Amino acid sequence: MRCFNRFFLACLVALISGCASKPQQPISLANDFVGGKTGRIGVASNKIPQASTGFPGAACLLCYAAASLAHTSLTSHTESLPTDEIVLLKKELVEVLKGKNIDVVEVVTPVNIADLPDSGKTGPDLARKDFTGLRAKLGIDKLLIIDVTMHGFVRNYSSYIPAGDPKAVFFGSGYIVNLSNNTYEWYEPIEISKGAPGNWDEPPKFPGLTNAYFQSIEIAKDRLLKPFDNGTSPQSQQTQSLTQNQSAAGGR
Amino acid sequence: MAGEGIIRAGWLLIALSGTAIAQTDSKHGEMPTTGNQLVLKLPANKEVVFRGVVNFDEGGMAPAGMMYPAPNPIAFLAAIATHAIIMDGAKQHQSNRQQAEADKVLQPYQAVIEKMDAKAMMSDALASSAQGKHLKSVEATQHPQTDSILESTPVFWMTADQESIIVDNLLNIRHPGDTGKPTYSNVIRVISTAHNAQAAQAYWIGNGQQLSAIAVKLLAESIDIGLNDANTASTEAKPFRTVRYYEGGQEKMERAQLLNEHCGRMILRTLRGTLMSVPKLKTASTQAANATCQSSL
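Treat the numbers as computed from the prediction; the structure is a model and nothing was measured. Counting starts from 1 at the beginning of each chain's written sequence and moves along it residue by residue. Key to labels: chains lettered from A, ligands numbered from 1, both in the order written. In view of the model being predicted, local features appear only for residues whose pLDDT reaches at least 70, and side-chain atom pairs are presented and counted only at 80 or more, with totals across whole chains, interfaces and linings using the full set of residues.

Caption draft 1: Quick look at the overall build of chain A. Note on conventions: DSSP H or I runs of at least 4 residues are helices, E runs of at least 2 residues are strands, and numbering of each starts at the N terminus. When helices and strands are counted, chain A shows six helices and eight strands. Along the chain direction, N to C, the helices and strands of chain A fall in the order α-β-β-α-α-α-β-α-β-β-β-β-β-α. To sort residues by exposure, count the other C-beta atoms lying within 10 Å of each residue's C-beta; 20 or more gives buried, 12 or fewer gives exposed, and values between give partly exposed, all with C-beta atoms placed from the backbone. Sorting the 252 residues of chain A into buried and exposed places 38% on the buried side. Remark: residues whose backbone-derived C-beta atoms lie within 7 Å of one another are considered to be in contact. The long-range fraction of contacts in chain A, counting pairs at least 24 apart against all pairs at least 6 apart in sequence, stands at 71%.

Here's what the structure looks like:
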């Protein structure tokens, strides 16, 4: 009985401490980052996931099945949305950093963050994954990562019943890891949620929600580019380049 | 109360029109020339509809679980149906509360808005519209048999920062014999340039009476854009881009085709097919380009 109690207590502590692990807090970019001695920076992203739909709150299997079934048209449209604009963000960041005379290189191959070994160390601003192995592999001193975890649409549920209209979302983060000590030098969590005015249920192309989706991407791009930019990025010059004939990145 | 009902109905019409148009295959740029004279049907009611701009990002409720009492399948279904009714009520309540909150921005202007006359505003807008100034107008009760009818249903909005007003104008063109669906139907949104004045209330309802004057200009611009769209054959498919513009003092974005830009403003076609005339973002290059050209909106 005593043994069982100890086992139960150990499980409880493990469970509670797991819940208590703090999410990484935002870290502002140091003022001397641009113009300071930053070393060579690699700009990478994870493998950008396909746009998808989610139904948080539809917790039971049957609830989720019902929610999925009710949104098959939206899900099918979501999966057809292009990721080009998110992929291009890496190149935009490279251009912005080059404009600041920073030694920068684009890491072409996506970094699979989940596959990296755990660092095994805890502490303020220490990365949980061990990025240091990439220093020699990529020949860089710091790694700037765009880590997109989800983009698409989310509709909150209360079991079987929708708790609101679907919203376009963009979840992820941007961060710089110093590869000599595996610490974050900049960390920007991104959680964007945009609603569509009027009726959202406009199959098959869902123009209202699609518009909100592209807005969420644009806001996320702003959040990731702004710390490095003082008005020289393609984003800040967007209105000036409107007349340029650029290809339409989907949406219609 | 009746007036409020009319206002609600008008607002609802505009709010849903984007979808309605998308679903009923809008025919922008395809208005067939019939040779009939086009006349504007004046609004039947005096009220001018003004609302506060709502932030749609804040709606909805947090996800939550629900335990249903289920002694048998019928009770289980009844519990779900009851839950659905309660949730619908809560969502509607939240939506109404959001709109009521947004409408508070109009409180200082209520007296001026109540004095506005929709018919006079429409006549003034027609007179100052480049394309519409040659059009005749008829009362709402008249039904000319040989003329094409232009119906205009505007709803005005004020931004939360009181920097701009917006019109959403549902324009329909009906040719003689048209029953049901109009030949042309589209919503045209025109956003005024932020006034940047020190005191918003003094600007809108002070001596200048800018609220009425700018509302008329926006309405005239929306009629011009709509008539131009209805009479112009659709051009080559332009690419859709995420275009940034100002709504009041705030930067906004829209996935749209850029149809035209002139004097610090852009005309866009949205993914829904509706049209927008919006102020461009101020950058060094746009300010230099517009130094000799200022829009009056």
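Caption draft 2: Representation of the confidence of the model for chain B within the structure. Across chain B, the average pLDDT comes to 85, with 85% of residues at 70 or higher. The pLDDT value expresses, per residue, how confident the predictor is, ranging between 0 and 100. Contacts of residues 1-30 of chain B to residues separated by more than four positions or lying in other chains number 58 contacts, the stretch itself having pLDDT below 50.

Caption draft 3: How the structure looks around the confidence of the model for chain A. Mean pLDDT over chain A works out to 86, with 82% of the residues at or above the 70 mark. Below a pLDDT of 50 lies the segment residues 232-252 of chain A, which in the model reaches 43 contacts outside its immediate sequence neighbourhood of four places, other chains included.

Caption draft 4: Here's a closer look at the packing of helix α4 (residues 118-128) of chain B against helix α6 (residues 210-231) of chain B. All names here are of chain B. A fitted line through C-alpha atoms serves as each axis, taken over the contacting stretch for helices, and the angle formed by two N-to-C directions is quoted from 0 to 180°. Two elements in contact, α4 and α6, have axes whose closest approach is 8 Å; the angle formed by their N-to-C orientations is 60°. By the angle between their axes, α4 is oblique relative to α6. Along this stretch, α4 crosses α6, giving a crossing that reads as right-handed. For the pair α4 and α6, contact is made by M121, D124, A125, L126 and S128 and by A215, V216, K217, L219, A220 and I223, respectively. Of the residues assigned to the contact of α4 with α6, the class counts are eight nonpolar, one polar and two charged. Oblique is the label for every angle not falling under 35 degrees (roughly parallel), over 145 degrees (roughly antiparallel), or within 65 to 115 degrees (roughly perpendicular). Take the far helix as your reference; a near helix turned counterclockwise from it by less than a right angle gives a left-handed crossing, and one turned clockwise gives a right-handed crossing. All amino acids are sorted into three groups, where Ala, Val, Leu, Ile, Met, Phe, Trp, Tyr, Cys and Pro are nonpolar, Asp, Glu, Lys and Arg are charged, and the leftover types, Gly among them, are polar.

Caption draft 5: Summary view of the environment of M158 of chain B. Residue and element names in this part refer to chain B. Note on placement: M158 falls in strand β4 (residues 148-158). For the pair M158 and G248, spaced 90 residues apart in sequence, the C-alpha to C-alpha distance is 8.6 Å. For M158, the residues in contact, after removing those within four places along its chain, are F50, G52, V53, V105, L106 and I165.

Caption draft 6: The environment of N45 of chain B, seen in detail. Residue and element names in this part refer to chain B. Of note, N45 is situated in the loop between β1 (38-41) and β2 (50-52). Classification of N45 as partly exposed rests on a count of 16 C-beta atoms within 10 Å. Separated by 175 residues in the primary sequence, N45 and A220 place their C-alpha atoms 19 Å from one another.

Caption draft 7: How the structure looks around the pairing of β4 of chain B. Residue and element names in this part refer to chain B. In terms of burial, β4 is a largely internal element, nine of the 11 residues being buried. When DSSP locates at least two bridges between a pair of strands, those strands are taken to pair. Bridging between β1 and β4 involves four bridges; their strand directions are parallel. Of the residues in β4, the one forming a bridge with V39 is I149. Of the strand pairs in this sheet, β2 and β4 are connected by three bridges, and their pairing is parallel. The residue bridging R51 from the neighbouring strand is W157, located in β4. Where β4 and strand β5 (residues 165-174) come together, 10 bridges link them in antiparallel fashion. Within β5, the position partnered with W157 by the bridge is I166. Hairpin geometry of β4 and β5 is characterised by an intervening segment of six residues between the two adjacent antiparallel strands and by a positive phi of about 60° at Q162.

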